[in-house]
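Chains, contacts and geometry: an overview
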Amino acid sequence: MMSHKDQLIGWIDAHFDEQVAFLQQVLQVPTDTPPGNNAPHADRVADMVGAYGWRAEKHAVPADVVRDYGMESITNLVVRRPYAAGGPTVALNAHGDVVPPGDGWTRPPYGGVIEDGYIYGRAAAVSKSDFSTYIFATRALEALGIPLKGGIELHFTYDEEFGGLLGPGWLLAQKITRPDLVIAAGFAYNIVTAHNACLQLEITVHGKSGHGAMPETGVDALQAAAKILNAVYGQLPELKKIKSNVPGIDSPTMLVGRIDGGTNTNVVPGKVVMKMDRRMIPEEDPVAVEAQVRALIEDSVRGEPGIRLEIRRLLLSHALRPLPGSERLVTALQQNAQAVMGEAITAQGTPLYADARLYGEQGIPAVLYGAGPRTVPESNAKKADERLLLEDLRKATKVVALTLLDLLGAP
């Protein structure tokens, strides 16, 4: 007689073509963020899971809140699958918002094209793939027809690219959910147990426009901005000296990712806007780091005549740190990954940041695990021709399903 684990694996294999077709449909609805008009994708996913007899709760974030946030529409989905009492509620969270495709694609970014065993498309790897991973892992578990305890919640959210506050952050703040354990979307074979914090600032340098032929009549905001840039990048050698004790995480980083300013070639720039990103290792204090960065910027142009600064925080995300209970997730995932993949899978930190931290901030143990290749660069995540090896999707689905059986299977 087949074991329950063998039955799970057999069900996933038997339904894999259906799972791939499901993923294709999930990829084919654009969710470029910005602009962030993501409610249509949520509506589509709700209809798709409705075909399984599941009800997806639609939690629309109020339009004025979304607009003030810089996006167009957000509807987060929660699918609750309660079982018998006595077990944990495990949330599986993936995000549907994506960075715009950009240039350089050789396949349609929203085509869901399959070639040579890969599926191509924006978010094929991060993280629309895990919509299908988590749904089909849950379906496989329920198809066993055995007693289960606890419950599963599928959280499909639409605000990871802007920081998550209106995604998982909204669901938690509105007390829509309070799971006991969380597995959030992954992007490589390893299990992520910790990630960096992130500070993003918008720096507006105000000067005064003037004619290019008479630059003394203006106050050059770009010259002042150059001093800020020199101060920011001059700090990098010091940041390199700071090292994290978390495997997989190295040193803090800092960069200016966008600069806008000036009005014309022959006009002294009267205003320059810069957006900067400072990644913090888990050991750093985000409040102290923000104060240091603000002081660095202000000091670089202090005393510059006619220059005025505005510094606005765009994001301050905290680090994800292991919490008591997360080892239960890690142990089950590692054991099952070893069985499915035939190799040891590491549990470590990542220099990226994700909205899984928002569960951690509420005291809920969370790890990141889902479909992906051995290393993130292999998938072209957030680049042109993002892709996922279908066999990696199959393996991750099996690992998650087996882990859910370990956590929720009645003794």
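Below you will find a few notes about this structure. As the structure is a prediction and not an experimental result, all values here were calculated from the model.

The next point concerns the overall build of the protein. Along the protein, the regular secondary structure elements total twelve helices and 17 strands. A globule of 411 residues ought to have a C-alpha radius of gyration of about 22 Å, and the protein, at 23 Å, matches this closely. Its C-alpha atoms put the protein at 90 × 40 × 40 Å along the principal axes. Pairs at least 24 residues apart make up 81% of the contacts formed inside the protein by residues separated by at least 6 positions.

If the charged atoms of two oppositely charged side chains come close together, the side chains can form a pair. Going through the model one piece at a time under the given rule, you end up with 26 salt bridges. Glu57 is paired through a salt bridge with Arg55; the nearest N and O atoms lie 3.8 Å apart. Judged by relative accessible area, Arg55 falls into the exposed class, the value being 61%. Where Glu391 meets Arg394, a salt bridge forms, and the shortest distance between an N and an O atom there is 3.0 Å. You can see Glu391 and its partner Arg394 sitting in helix α12 (residues 390-408), three residues apart, about one turn around the helix. Of the residues examined, Arg394 reaches a relative accessible area of 18% and is grouped as buried. Each of the salt bridges in this network shares a partner with another, and the network as a whole consists of Asp13, Glu391, Arg394 and Lys398.

A word on the sheet that holds strand β17 (residues 387-389). One open sheet accounts for three strands, arranged β4-β5-β17; its pairing is antiparallel. Looking at which strands have only one partner, the edges of the open sheet turn out to be β4 (114-115) and β17. Sheet topology note: the strand β5 (residues 118-120)/β17 ladder contains three bridges and is antiparallel. Following the sheet pairing, Tyr120 is matched in β17 by Arg387. Those strands touched by α12 are β4, β5 and β17, and its axis lies near 65° from that of β17.

Now for the nonpolar core. The nonpolar side chains of a soluble globular protein tend to be buried, and buried together. Ranked by size, the top nonpolar core spans 72 residues in total, and within it Leu141, Leu154, Tyr369 and Leu404 carry the most contacts. Looking at this core, the element that brings in the most residues is α12, giving eleven residues. Leaving out residues up to four positions away in the same chain, Leu154 has contacts with Trp54, Leu77, Val78, Val79, Leu92, Tyr134, Ile135 and Thr138. Leu199, Leu201, Met280 and Ile297 belong to the second largest nonpolar core, which has 24 residues in total.

A few words now on the pairing of strand β9 (residues 197-206). With nine of ten residues buried, β9 lies mostly within the body of the structure. Both β9 and strand β13 (residues 271-280) contribute to a ladder of ten bridges, which runs antiparallel. Looking across to β13, one finds that Ala197 is bridged to Met280. Pairing geometry for β9 and strand β14 (residues 308-317), over nine bridges, is antiparallel. Opposite Gln200, over in β14, you have Leu315 as the bridge partner.

This part is about the side chain of Ser317. With respect to the helices and strands, Ser317 occurs in strand β14. Relative accessible area serves as the criterion here: at 0%, Ser317 is assigned to the buried category. Sequence-distant contacts of Ser317, defined by excluding residues within four places in its chain, comprise Ala197, Cys198, Met280, Tyr353 and Arg357.

Reading the values: the criteria
Here the residue index of a chain counts from 1 through its sequence in written order. Local features in this predicted model are restricted to residues of pLDDT 70 or higher, and side-chain atom pairs are both shown and tallied only at a pLDDT of 80 or more, whereas totals for entire chains, interfaces and linings draw on every residue. In computing side-chain properties, one takes all heavy atoms of the structure into account and sets aside hydrogens as well as water. Counting from the N terminus, the helices are DSSP H or I runs at least four residues long and the strands are E runs at least two residues long. C-alpha atoms define the radius of gyration, and 2.2 Å times the number of residues to the power 0.38 defines the globule rule. Note on contacts: a residue pair qualifies if any of its non-hydrogen atoms lie within 4.5 Å across the two residues. A carboxyl oxygen of Asp or Glu within 4 Å of a side-chain nitrogen of Lys or Arg is what we treat as a salt bridge. Exposure classes here rest on a 1.4 Å probe applied to the protein chains alone. A residue is buried below 20% of its type maximum, exposed above 50%, and partly exposed in between. Two strands make a pair as long as DSSP finds a minimum of two bridges between them. Helix axes are fitted only over the stretch in contact, all axes being lines through C-alpha atoms; the angle between N-to-C directions runs from 0 to 180 degrees. In plain words, nonpolar cores are sets of buried Ala, Val, Leu, Ile, Met, Phe, Trp, Tyr and Cys residues tied together by side-chain atoms within 4.5 Å.

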